[in-house]
Amino acid sequence: MAKRIPLLLFIVLGCLILSGCSSLNPFSSSESFQRAEELYQAGKRAMDEGDYGQAAEYFQQIREDHPFSRWIAEAELGLADAYYRQEKLSAAESAYKEFESLHPGSPEIPYVLFRIGRANLKQFKSVDLSQQEVREAEKYFTRLVQAYPQSEYVPEAREYILQCRSRRAQHAIYVADFYMRTEKYRAAWLRYSSVLEKYEDLDEYAAYAKSRTREAYYLSLKQASEEARIAKRGSWKEWFDWL
């Protein structure tokens, strides 16, 4: 009988330990589930009221305190939307991309691809600066159109693809015009020719590039000829070196 007492104590102690551990398991806590749902609903209300900063805090709290809740995917997408609504476009882009990485099979992926494209396009600044955001936007809009042709976002995505291509054509022409002004005629000719090749369906830019291509080509030949003559005979200025 004396030997059974320690054994009984051991069993009771083990049950208490297991019971305590189960209370820490987020899957088994109805209280945790309820709290996550409350936070999510509060985040949705804040979004509806236009309080996007507060909404972001609610969704972030779900991510931090209830990462195994059934509301986690909704919270992650809600957080991305809250950033987007606040014009925190870089943060929104990262959050949408993280959602796509974590939930590739989600039915929300077409929406997410569309939002990534829009977040990038909104970060466009000027034709005379880097076009990285425009290229990234075009990539995601194109992915949406190709992978989800039946999506409700496809018609708008097609319009934005055209907008992206127009901005890239503008940038290429801007660079070509700069080369013309600085008398780098061969570089200008190559840029104008590239616009003709890549954007021939954009009539306005193609027509401009076509007319400038001829001029740049003629000037590049003239410049090359002059450079060859100088290399062979020397510049006319050298004849006056003796003065």
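In this report, the structure presented in the accompanying data block is examined. (Residues numbered from 1 in each chain as written. Predicted model: local features only at pLDDT ≥ 70, side-chain atom pairs only at ≥ 80, totals over all residues. Heavy atoms only, no water.)

A closer look at the overall build of the protein chain
Here is step 1 of the chain: Helix and strand counts for the protein chain come out as 10 helices and zero strands.
Here is step 2 of the chain: When each of the 243 residues of the protein chain is scored for burial, the buried share is 37%.
Here is step 3 of the chain: Restricting the contact set of the protein chain to residue pairs at least 6 apart, pairs at least 24 apart contribute 53%.
Here is step 4 of the chain: For the protein chain, the exposed area adds up to about 15,600 Å²; of that, 54% sits on carbon and sulfur atoms. (Helix = DSSP H or I, 4+ residues; strand = E, 2+ residues; numbered from the N terminus. Buried < 20%, exposed > 50% of the residue type's maximum accessible area, 1.4 Å probe, protein only. Contact = heavy atoms within 4.5 Å. Areas by Shrake-Rupley, 256 points an atom, 1.4 Å probe, with all protein chains shown as cover.)

Some points on the side chain of S151
Here is step 1 of the chain: Along the chain, S151 falls in the loop between α7 (132-147) and α8 (154-181).
Here is step 2 of the chain: Here Y153 takes part through its backbone nitrogen, which lies 3.1 Å from a polar atom of the side chain of S151.
Here is step 3 of the chain: Ignoring any residue separated from it by four or fewer positions in sequence, one finds S151 in contact with P110 and L144. (Polar contact = N/O pair within 3.5 Å; in protein donor to acceptor, adjacent residues only side chain to side chain.)

Structural notes on the pattern of salt bridges
Here is step 1 of the chain: Going through the model one piece at a time under the given rule, you end up with 11 salt bridges.
Here is step 2 of the chain: Its salt-bridge partner being K97, residue E93 comes within 2.8 Å of it at the nearest N-O pair. You can see E93 and its partner K97 sitting in helix α5 (residues 89-102), four residues apart, about one turn around the helix.
Here is step 3 of the chain: Here E136 and K97 are joined by a salt bridge, their closest N and O atoms 2.9 Å apart. Placement of E136 in helix α7 and of K97 in helix α5 is noted, with a sequence separation of 39 residues between them.
Here is step 4 of the chain: Residue class for E136 comes out buried when judged on its relative accessible area of 13%.
Here is step 5 of the chain: K97 sits in the partly exposed class, given a relative accessible area of 25%.
Here is step 6 of the chain: Here the residues in one salt-bridge network are E93, K97, E136 and K139, joined through shared partners. (Salt bridge = Lys/Arg side-chain N within 4 Å of Asp/Glu carboxyl O.)

Points about α7
An α-helical segment advances 3.6 residues per turn. Residues three or four places apart therefore align on the same side.
Here is step 1 of the chain: Its 16 residues place the ends of α7 22 Å apart at the C-alpha level, agreeing with the 22 Å of an ideal helix rising 1.5 Å per residue.
Here is step 2 of the chain: Among all positions of α7, only V134, E136, A137, E138, Y140, F141, L144 and V145 are buried.
Here is step 3 of the chain: Looking at the buried positions of α7, the neighbouring elements they touch are α5, α6 (109-122) and α8. (Expected span 1.5 Å × (residues − 1).)

Regarding a negative patch on the surface
Here is step 1 of the chain: Among the surface-exposed residues, D48, E49, D51 and E57 lie close enough to one another that they form a single negatively charged patch.
Here is step 2 of the chain: Structurally, D48 can be placed in helix α2 (residues 30-48). (Patch = residues over 30% accessible without salt bridge, like charges linked within 9 Å, V, L, I, M, F, W, Y side chains within 5 Å. Lys, Arg positive; Asp, Glu negative; His and termini not counted. Charge placed at Lys NZ, Arg CZ, Asp CG, Glu CD.)

Comments concerning unusual backbone geometry
If a residue is not glycine, its phi is most likely negative; likewise, a peptide bond is most likely trans.
Here is step 1 of the chain: A positive phi angle, close to 65°, is found at E87, a residue other than glycine.
Here is step 2 of the chain: Tracing the sequence through the fold places E87 in the loop between α4 (72-85) and α5.
Here is step 3 of the chain: The class of E87 is partly exposed, set by a relative accessible area of 47%.
Here is step 4 of the chain: Residues other than glycine seldom take positive phi values, yet E183 does so here, at roughly 60°.
Here is step 5 of the chain: Structurally, E183 can be placed in the loop between α8 and α9 (185-198).
Here is step 6 of the chain: Since its relative accessible area comes to 49%, E183 is described here as partly exposed.

Digging into the packing of aromatic side chains
Here is step 1 of the chain: Across all of its chains, the model carries 12 aromatic pairs by this definition.
Here is step 2 of the chain: The interplanar angle of 20° and the centroid separation of 5.1 Å between the aromatic rings of Y40 and W71 together place this pair among those described as stacked. In this pair, Y40 sits in helix α2 while W71 sits in the loop between α3 (52-65) and α4, placing the two residues 31 residues apart along the sequence. The same class applies to Y40 and to W71, which are both buried.
Here is step 3 of the chain: Following the ring pairs from residue to residue traces out a cluster consisting of Y84, Y96, Y111, F114, F141, Y153 and Y160.
Here is step 4 of the chain: Above the ring of W71, the side-chain terminus of R70 is found at 4.3 Å from the ring centroid.
Here is step 5 of the chain: Across from the ring centre of Y84, 4.1 Å away, lies the NZ or CZ of R115, which sits over that ring. (Phe/Tyr/Trp six-rings, centres within 6.5 Å; stacked < 30°, edge-to-face > 60°. Lys NZ or Arg CZ within 6 Å of the ring centre and 35° of its normal.)

Here's the deal with the packing of α8 against α9
Here is step 1 of the chain: One can describe the packing of α8 onto α9 by two numbers: an axis separation of 7 Å at closest approach and a directional angle of 160°. If you check the angle between α8 and α9, you find them roughly antiparallel. For the crossing formed where α8 meets α9, the hand is left-handed. Between α8, through R165, A169, A172, I173, V175, A176, D177, Y179 and M180, and α9, the contact on the second element is made entirely by Y185, A187, A188, R191, Y192, V195 and K198.
Here is step 2 of the chain: When the residues that make up the contact of α8 with α9 are grouped by side-chain class, the tally is 12 nonpolar, no polar and four charged. (Axes fitted to C-alpha atoms, helices over the stretch in contact; angles between N-to-C directions. Parallel < 35°, antiparallel > 145°, perpendicular 65-115°, else oblique. Left-handed = near helix turned anticlockwise from the far one by under 90°. Nonpolar A, V, L, I, M, F, W, Y, C, P; charged D, E, K, R; others polar.)

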